[in-house]
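Examining the three-dimensional arrangement
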Amino acid sequence: MKLKNNALNQAIKFALATTTAGLFFSGTAVAADEQQQQTKVNKNVEKIAVVGTRSAPRSIGDSPVPIDIIGGEELEKSGNTDMLELLKGAVPSFNVHQNPISDAASLVRPANLRGLPSDSTLVLLNGKRRHRASVIAFLGGGINDGAQGADISVIPSIAIKQVEVLRDGAAAQYGSDAIAGVMNFQLKDASEGGKLEIRHGQFYEGDGDTTQVSGNVGLPFTDNGFANLSFQYKTADATSRSVQRADAAALSAAGVPDVSSLAQVWGAPEVDDDITIFGNVGLELTNDSEFYMFGNYSERDVRGGFYYRNPQTRSGVYSNDGGETLLVADLTPDMSANCPTIAITDGNVLDDPAYINGVANNPDCFAFNESLPGGFTPNFGGNITDTSLTIGTKGRFTGGFLKDTYYDLSGTVGLNESRYFIYDTVNASLGADTPRDFSPGKYEQLEKNFNFDLSKGVDFGLAYDVNIAGGFEWHEETFTIISGDEASYTAGPLTEQGFGIGSNGFPGFKPSQAGEFSRRNYAAYVDVEAPFTEDFLMGVALRFEDYDSFGTTTNYKVMAQYHLTEDLNIRGSVSSGFRAPTVGQANVSNVQTSLDSGVLQDSALLPPTNPIAVQLGGTELEPEESQSYTLGAVYTIGELFLTLDYYNIQVDDRISQSDKINLSQADKDTLTAAGVPNVQGLAQVSFFTNDFDTTTQGIDLVANYTAELMGGSSTFSLAYNWNDTEVTQFSEITGAFKVKRLEEDLPNHRATFTLSQQWESVSAFARANYYGEYQGVHVDYDATAKTADAAVTIDAEVTYFLNESVSFSVGAQNLFDQDAEKLDFADATGIPNNNWGGQYYETSPFGINGGFYYAKATYTF
């Protein structure tokens, strides 16, 4: 369909308004001549933060707590299109893993700030609490087991004015989830201009083709407002960094047909039709009040690999005794066919005369080797949708008791839905009549917030007005489980003969599991910031929260900053914090297939109050509690800006998934009576528990310097993080290997060094990323663990400005194709073990896919 010129212009206005500054580094130009002038202006522009204070926004150099500000243009200077990866490149204490073959954690990847799980970082959008994802990381790689954080990946960089990362505990200011810190994503608010960008790239291996079209437009909303709109559409092909499994290769060599040439794939999942739309609207109502509204709609389809089902050993489908005999079904109503017991004595049971005569040529007997002789590999995926809307008004009272008091009244609703799909699998209990594709069910996370905040400067005769703030918040959280299609959970006619119930790998949620679980809480806070002198600022915050489930909690924060000289100041804070267990963590149940000590097993995750969980040590979840402090310094001289901060975070009663506990037959009988599916095929159970304490400490160093070099403007930046976590208390429910993963999976040392260079019509950007030693782990198996070597990757981008409106860029992430640590563990015989088909340790902090190159074209107006 062709558009008329004026309609085309409006369509193109789904583009990005150029931002003026980025964290640490200079931004890409709107036009060549304008960029030179803008770069000169930016040197003198202070980075202003909204997060971390209830008073007027302040320069990050004058903040009593450490804050990073990453400009929107800095985020766009990367070969990656995922917000999680963009932040990882800009904030060294922020880590995220690839999470291949990790159930729902592959769909919404959990991230870590300062070595704590994803739900220990509070996410804000325009200063308002962002709802968490419906996905709970059942297989979260140790650190994120059981985490339920916000889905940061739905936020497109083209919509962002800046990201403020508060690296300090802030529960007393913002409530639950702020133990590690706060991330505030500020949307663009320009009322004119825009940008349209097309980007395409692929990995050096020739896979993972990624195409992204994004845009932003700023429009006037009457004469006194703005409507800033952004969109992003993306597709990404799957990747594979795999080799053939040893057992699959042996089957092929023995003549077994239909064995896939790559039976199990380790890599990034396929992402299809990933679309997101963000809007930000503001309108001045009077000289002293304004209306605001912002929100988003996002949706994507994700599909990735799962574990291979061996046609001679997979329990509940092919064999129930580890591959000694074949699992054969009697199809006669009275089971009178006397189907033979077939011993598996070589690599191809299909050649056994007993199988040929007793099963293949016997219509009354059935084995899945008839329909799926080479085994099968399920694909797991989901449709993720995310919507939110915030409406509010803010301004200043002009009369009465509250004269000159600033107010902010808002309401927010956010909904995240994850409908799961599993393809190319079976419900074995249905026999030959089983479907191959299933929809096991859906999770929904709905959150509602209402906030009323007040702030007023009061003259107490100090250097400046004392800012006194206070407010109220009401929050409701609802987690909903929706049952799957009947075939995904039903117990078919072969159940009593030992065939597994439900879609193999991820059984559907039964109607008895479905339900809606809610919790409400309200909070009141007071926050005071007092400038005792021009050089000494002190702040105190106190917050009270009341939950209708576990009761009340009160938290505090004390922070201060003192200017020793004009160029040097010191800062610090002491605070308590908490993280409330989510409604999902308290009520979810799930059957998952994972490797335990290298063996594929089905295990049930139960609510901690389930009778079996209670019998094994489970109790009702309680809030995590924390104590933290920071101490740092800020040094500014000329064009050099330097910050150094030490932090210490002690968390008690941390919530995680227990170690998997072996089931007795009595336990299985109790679970069967409780309606848990496929109990006889279950080997283990787990549950969420408050079961360990940790102390996390570290140092953040940030240095920035600008100068006129190489015939243009140069900006240098160094950011370094040392982070160490120690588990100070745990029980047997947690397990020693999980403790080791918590302490050693993430690198203790991370650093980035960045150079950004601007000439008249060309800009260039290069970043070196350093990753210290870390624990390499594969398939969550302690026998695979090793200390992996430190590594350096390089990112680079060059942009040419053709004219005032058009620019072209080429770049690469991991420019020199630095490989992740290769697997090198051996099995009991000393033979290198590739039985799971991987090549690299999945805990690699920079992923397993290698180098990625891309090109992009940008139209700015």
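Up top is the structure these notes are about.
These numbers were taken from a predicted model, which means no experiment stands behind them.

Calculation rules
- Position numbers for residues count from 1 along each chain, tracking the sequence in the order it is written.
- The model is predicted, so local features are restricted to residues of pLDDT at least 70 and side-chain atom pairs to those at 80 or more, both for listing and for counting; the totals for chains, interfaces and linings are taken over all residues.
- Water and hydrogen atoms play no part in the side-chain values, which are based on all heavy atoms of the structure.
- In this description a helix means any DSSP run of H or I spanning at least four residues, a strand means any run of E spanning at least two, and both kinds are numbered starting from the N terminus.
- Atoms counted for the radius of gyration: C-alpha only. Globule rule: 2.2 Å times the number of residues to the power 0.38.
- For the exposure calls, accessible area comes from a 1.4 Å probe over protein chains only, and a residue counts as buried if that area is under 20% of its type's maximum, exposed if over 50%, partly exposed in between.
- Note on contacts: a residue pair qualifies if any of its non-hydrogen atoms lie within 4.5 Å across the two residues.
- Positive charges are assigned to Lys and Arg, negative charges to Asp and Glu, while His and the chain termini are left out of the count.
- Here the site of a charge means NZ on Lys, CZ on Arg, CG on Asp, or CD on Glu.
- To count toward a patch, a residue needs a relative accessible area over 30% and no salt bridge; like charges are then connected within 9 Å, while nonpolar side chains (Val, Leu, Ile, Met, Phe, Trp, Tyr) are connected within 5 Å.
- Working definition of accessibility: Shrake-Rupley area with a 1.4 Å probe, residue cover restricted to the visible protein chains.
- The term salt bridge refers to a side-chain nitrogen of Lys or Arg lying within 4 Å of a carboxyl oxygen of Asp or Glu.
- A pair of strands is treated as paired once DSSP finds two or more bridges between them.
- Criterion for a disulfide: a pair of cysteine sulfur atoms within 2.5 Å.
- Here a polar contact means two N or O atoms within 3.5 Å. Within protein one must be a hydrogen donor candidate and the other an acceptor candidate, and residues neighboring in sequence count only if both atoms are side-chain atoms.

So, the overall build of the chain
- Across its full length, the chain carries 12 helices and 38 strands.
- By the compact-globule yardstick of 29 Å for 861 residues, the chain fits well, its C-alpha radius of gyration being 28 Å.
- If you line up the chain on its principal axes, its C-alpha atoms span 95 × 60 × 55 Å.
- Across the 861 residues that make up the chain, the buried fraction comes to 59%.
- Across the chain, contacts joining residues at least 24 apart in sequence account for 71% of those joining residues at least 6 apart.
- The centroid of the 54 positive side-chain charges in the chain is displaced by 6 Å from the centroid of its 110 negative side-chain charges.

Points about a negative patch on the surface
- Where like charges cluster on the molecular surface, the negative patch consists of Glu620, Glu622, Glu625, Asp652 and Asp653.
- Among the structural elements, Asp653 can be located in strand β28 (residues 640-657).

Some remarks on the pairing of strand β19 (residues 438-458)
- Looking at chain direction, strand β18 (residues 406-423) and β19 are connected through 16 bridges and run antiparallel. Following the sheet pairing, Arg419 is matched in β19 by Lys442.
- Note that β19 and strand β20 (residues 466-483) share 18 bridges and pair antiparallel. Within β20, the position partnered with Leu446 by the bridge is Thr478.

Let's talk about the state of the cysteines
- The full count for this structure, using the stated rule, is one disulfide.
- The residue that forms a disulfide with Cys339 is Cys365, at a sulfur-sulfur distance of 1.9 Å. On the S-S bond that ties Cys339 to Cys365, the torsion sits near -100°, and the link is left-handed. Taken together, the positions of Cys339 in the loop between β15 (329-330) and α7 (353-360) and Cys365 in strand β16 (residues 365-366) put the pair 26 residues apart, joining distant regions of the chain.
- Given a relative accessible area of 2%, Cys365 falls into the buried group.

A short note on the environment of Ile384
- The topology assignment puts Ile384 in strand β17 (residues 379-396).
- Here Ile384 falls in the buried class, since its relative accessible area comes to 2%.
- C-alpha separation for the pair Ile384 and Thr121, spaced 263 residues apart in sequence, amounts to 21 Å.
- Residues in contact with Ile384, not counting those within four places in the same chain, are Leu107, Val108, Asp151, Ser298, Glu299, Arg300, Asn416, Glu417 and Ser418.

So, the side chain of Thr434
- The residue Thr434 is located in the loop between β18 and β19 in this model.
- In this structure the side chain of Thr434 is engaged in a polar contact, spanning 2.8 Å, whose partner is the backbone nitrogen of Asn427.

A look at unusual backbone geometry
- At Asp273, a residue that is not glycine, the phi angle is positive and equals roughly 50°.
- With respect to the element layout, Asp273 can be found in strand β13 (residues 270-286).
- Among the residues examined, Asp273 registers a relative accessible area of 36% and is labelled partly exposed.
- Backbone geometry at Asp817 places phi at a positive 55°, although glycine is not the residue there.
- With respect to the element layout, Asp817 can be found in the loop between β37 (806-813) and β38 (852-860).

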